[in-house]
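Report on the structure
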Amino acid sequence: MIRLENIERTFQVGDEQVYALRQINLTVRVGEYLSIMGPSGSGKSTLLNILGLLDRPDKGVYHLDGRDATHLDDRPQAELRRHKIGFIFQFFHLIPRLTATENVELPLTLAGVAPAERKQRVMAALAELGLADRARHRPDQLSGGQRQRVAIARATIMRPALILADEPTGNLDRASGQEVIQTIEALNAQGMTIVMVTHDPELGGRTRRQVRMNDGRIAHDSGADDEK
Amino acid sequence: MFLRDTITLSLQAVISHRLRSFLTALGIAVGIAAVVLLTSLGEGIHRYVLAEFTQFGTNLIGITPGRTSTTGFSGGVISNVRPLSLADALALEKLPRVLAAVPVVQGNAEVKSETRSRRTYVFGVGSDTPLVWQFRVAQGRFLPGDDPRTARAFVVLGSKVKTELFGSVNPLGRRLRIGNEQYRIMGVMASKGQLLGFDLDDAVYIPAGRALALFNRESLMEIDLLYAEGSRSEEIARRARQLLIARHGAEDFTIITQDQMLDVLGSVLNILTLAVGALGGISLLVGGVGILTIMTISVNERTAEIGLLRAVGADRRQVLGLFICEAVVLAGIGGIAGLVIGAGGAWLLGQVVPALPTHTSWSYVVFAELLAVFIGLLAGVLPARHAARLDPIEALRAE
Ligand SMILES: Nc1ncnc2c1ncn2[C@@H]1O[C@H](COP(=O)(O)OP(=O)(O)O)[C@@H](O)[C@H]1O
Ligand SMILES: [Mg+2]
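Residues numbered from 1 in each chain as written. Chains lettered and ligands numbered in written order. Predicted model: local features only at pLDDT ≥ 70, side-chain atom pairs only at ≥ 80, totals over all residues. Heavy atoms only, no water.

**Quick word on the overall build of chain B**
Check the secondary structure of chain B and you find twelve helices and twelve strands. Its C-alpha atoms give chain B a radius of gyration of 33 Å, clearly above 21 Å, the size a compact globule of 399 residues would have. Viewed in the frame of its principal axes, chain B has a C-alpha envelope of about 105 × 50 × 35 Å. Relative to its full complement of 399 residues, chain B shows a buried share of 48%. As presented, chain B carries roughly 19,200 Å² of accessible surface, and 61% of it is formed by carbon and sulfur atoms. For chain B, the centre of its 37 positive side-chain charges and the centre of its 33 negative side-chain charges are spaced 5 Å apart. (Helix = DSSP H or I, 4+ residues; strand = E, 2+ residues; numbered from the N terminus. Rg over C-alpha atoms; globule rule 2.2 N^0.38 Å. Buried < 20%, exposed > 50% of the residue type's maximum accessible area, 1.4 Å probe, protein only. Areas by Shrake-Rupley, 256 points an atom, 1.4 Å probe, with all protein chains shown as cover. Lys, Arg positive; Asp, Glu negative; His and termini not counted. Charge placed at Lys NZ, Arg CZ, Asp CG, Glu CD.)

**Section: the domain arrangement of chain B**
Domain parsing of chain B yields domain 1 (3-52 + 264-397) and domain 2 (98-224). Between the C-alpha centres of domain 1 of chain B and domain 2 of chain B the distance comes to 58 Å. (Domains from an automatic or database assignment.)

**Looking at the side chain of Ser298 of chain B**
All names here are of chain B. Of note, Ser298 is situated in helix H8 (residues 258-301). A polar atom in the side chain of Ser298 sits 2.7 Å from the side chain of Arg302. Once residues within four sequence positions are removed from consideration, Ser298 is found in contact with Arg20 and Glu326. (Polar contact = N/O pair within 3.5 Å; in protein donor to acceptor, adjacent residues only side chain to side chain. Contact = heavy atoms within 4.5 Å.)

**A closer look at the interface of chain B and chain A**
Each partner contributes residues to the interface: chain B has 27 residues there, and chain A has 28 residues. Of the roughly 2,500 Å² buried at the junction of chain B and chain A (both faces included), carbon and sulfur atoms supply 60%. It is Leu308, Val312 and Ile393 of chain B that lose the most area in chain B upon contact with chain A, and together they represent 22% of the buried surface on that side. In this assembly, chain B and chain A are joined by five salt bridges. Across the pair Arg310 of chain B and Asp74 of chain A runs a salt bridge whose closest N-O atoms are separated by 3.0 Å. At the boundary of chain B and chain A, one finds twelve residue pairs in polar contact (both at pLDDT 80 or more). If you list the elements that add at least two residues to the side of chain B that touches chain A, you get helix H1 (3-16), helix H9 (303-311), helix H10 (316-352) and helix H12 (392-397) of chain B. A breakdown of the residues in the side of chain B that touches chain A according to their chemical character gives 13 nonpolar, four polar and ten charged. (Buried area = accessible area lost by both parts, 1.4 Å probe. Salt bridge = Lys/Arg side-chain N within 4 Å of Asp/Glu carboxyl O. Nonpolar A, V, L, I, M, F, W, Y, C, P; charged D, E, K, R; others polar.)

**Concerning the site of ligand 1**
Lining the immediate environment of ligand 1, one finds 14 residues, of which Gly41, Lys44, Ser45 and Thr46 of chain A together with Arg397 of chain B sit closest. Around ligand 1, the nearby residues trace back to chains A and B. Here an oxygen atom of ligand 1 sits 3.3 Å away from a polar atom, N or O, in the main chain of Ser42 of chain A. Within the backbone of Lys44 of chain A, a nitrogen or oxygen atom sits 2.9 Å from an oxygen atom of ligand 1. Here ligand 1 has 560 Å² of accessible area as a free molecule, and 77% of this is covered by the chains. The set of elements that each furnish at least two residues to the shell around ligand 1 consists of strand S1 (2-13), strand S2 (16-28) and helix H1 (44-51) of chain A together with H12 of chain B. Take the shell around ligand 1: its biggest share by element is three residues, from H1 of chain A. Here the residues of the shell around ligand 1 are counted per class, giving five nonpolar, six polar and three charged. (Near = heavy atom within 4 Å.)

**Points about the packing of aromatic side chains**
A ring pair, where both rings are aromatic, is described by two values, the distance of the centres and the angle of the planes. Throughout the structure, instances matching the rule amount to six aromatic pairs over all chains. On the basis of an interplanar angle of 5° and a centroid distance of 5.6 Å, the ring pair of Phe87 of chain A and Phe89 of chain A is categorised as stacked. For the pair formed by Phe87 of chain A and Phe89 of chain A, the shared burial category is buried. Ring geometry for Phe135 of chain B versus Tyr205 of chain B: centroids 6.1 Å apart, planes at 85°, classification edge-to-face. Linking Phe135 of chain B in the loop between helix H4 (129-133) and strand S4 (137-140) with Tyr205 of chain B in strand S10 (residues 203-207), this pair joins segments that are 70 residues apart in sequence. The residues Phe135 of chain B and Tyr205 of chain B share a single accessibility class, namely buried. Members of the aromatic cluster, joined through ring pairs, are Phe123, Trp133, Phe135, Phe142 and Tyr205 of chain B. (Phe/Tyr/Trp six-rings, centres within 6.5 Å; stacked < 30°, edge-to-face > 60°.)

Following this line, the structure appears as structure tokens:
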């Protein structure tokens, strides 16, 4: 599904070059459940952004689904994000003025799906995540856990093959975090590939594969699921 | 992505900041209201003036003595300007397709009935005046068709002179002294009202030849030709010019057709309307700057949202479209509000001050609305481009 070869990413901060990623080699197969852990500033988010085609590496090659996705133009890149990738963020990133339904609907709207089909798919997705009675609520009328589940519904509404989660429980209490993790694991059980950045060793311990990062490098990789 | 969805999303964003959007749209609304109201006034005045000038009919050609030339000489050089005579008027009347020629002399004189007197305008004219100027005789008849050079001493009263001098008494057949001569009253004109402040009812009409003698003039002031419907005014004017040149030996007169006059008047009035419209346009520009400001603030406030849009699959063009659409929606709402205020204001003004002519021209209204949308587009482009160019990871970090 994913193959990264010798990925490097540097940021210019003032006169200094900051290495966010160095010599990253990583292969992820379809259906894997993978966590990335490591200290703050070790490059986890940067790696996730490159995987999600929101950022480009300065060096190296990124293959997504057997296709070179390193140097795509804006539109095909957006097309891939829309259909293949779902993002889950620490801070949910729901649009505050829109209802839960409208937030979940957004990727379908951008993709030009007809309104009738949109409504149907969104209602089904919300019901599946136990949010049917919250459909008309705005984010500020929802609890943290509910917000994250709305965000998960939005990330999965296009049925993407790859889910990228950046500390999805980082802003939640334990109980809500548990719920969210169970939701994500259910997605994995349905066949979606999950790459999840987390600080929490307990959460990291639950995934079948663990990658540890340090100072922009992969310090440890427990190996692909099926290699164990 | 459907246009309808883009508009819905834009509307939701506009509505979410009610007060701010209201104030921003107000800027455009005031501009559009000003444009609509001012052009309504301009257009109303235009129509009013044209109606005033065409109330004498439209198939008219006016001939005046002296030549208005572009070299700076006007009627000033008297020596080689021959007078316009009654004989000229008679000759012009015989031209083909000319229905009537009215010689005109005008002045001020004291008119006296047996009991009262009044200073009033005295028009020396011909017997075809009611036809040419589209005047109506209310009582009696107009001047008879005598040879103008030896016309008998008859007079027709304007309606105001009649009431001032005779009250409700029937004046027909009575005598009226004008200057040192006695005139017999033939008729009374129907009220015609004012023409640009000139009271046409406060006048009496006598034969032109007698008026020349009364005012001790050699030349007529004007000859008005009425030509048959369907003739070309330039053609009649050309024939009249040839005839008079033959009679005078030179072109020492000026011919103006009603068409030419209306053209000149029309273009002057159009410039007036455009000028007041442009004045309103300046306030539109100010409204446009308001939209630019608010959209810039909005983009800065919503960087996280822009990052999210990109993450869920929006490309740069879609982000651009969404923000431009938002600016256009703002301007469009302001435009419609301004239209209602402007057209309503013009209508109200017409009701409250009936003397003030207003006319809301729909072509200006459509133009104003398009202008509002265009200004929204223009004001939206810069902030929207900024939004579209944002780096999505930077945008997502902005929380
Ligand atoms: N947009 C950026 N501009 C400058 N430096 C950045 C940017 N994004 C990340 N970095 C730097 O790259 C390094 C890795 O950051 P990040 O991937 O966010 O780490 P993590 O998610 O593991 O905490 C850090 O040193 C960070 O300061
Ligand atoms: Mg991070």
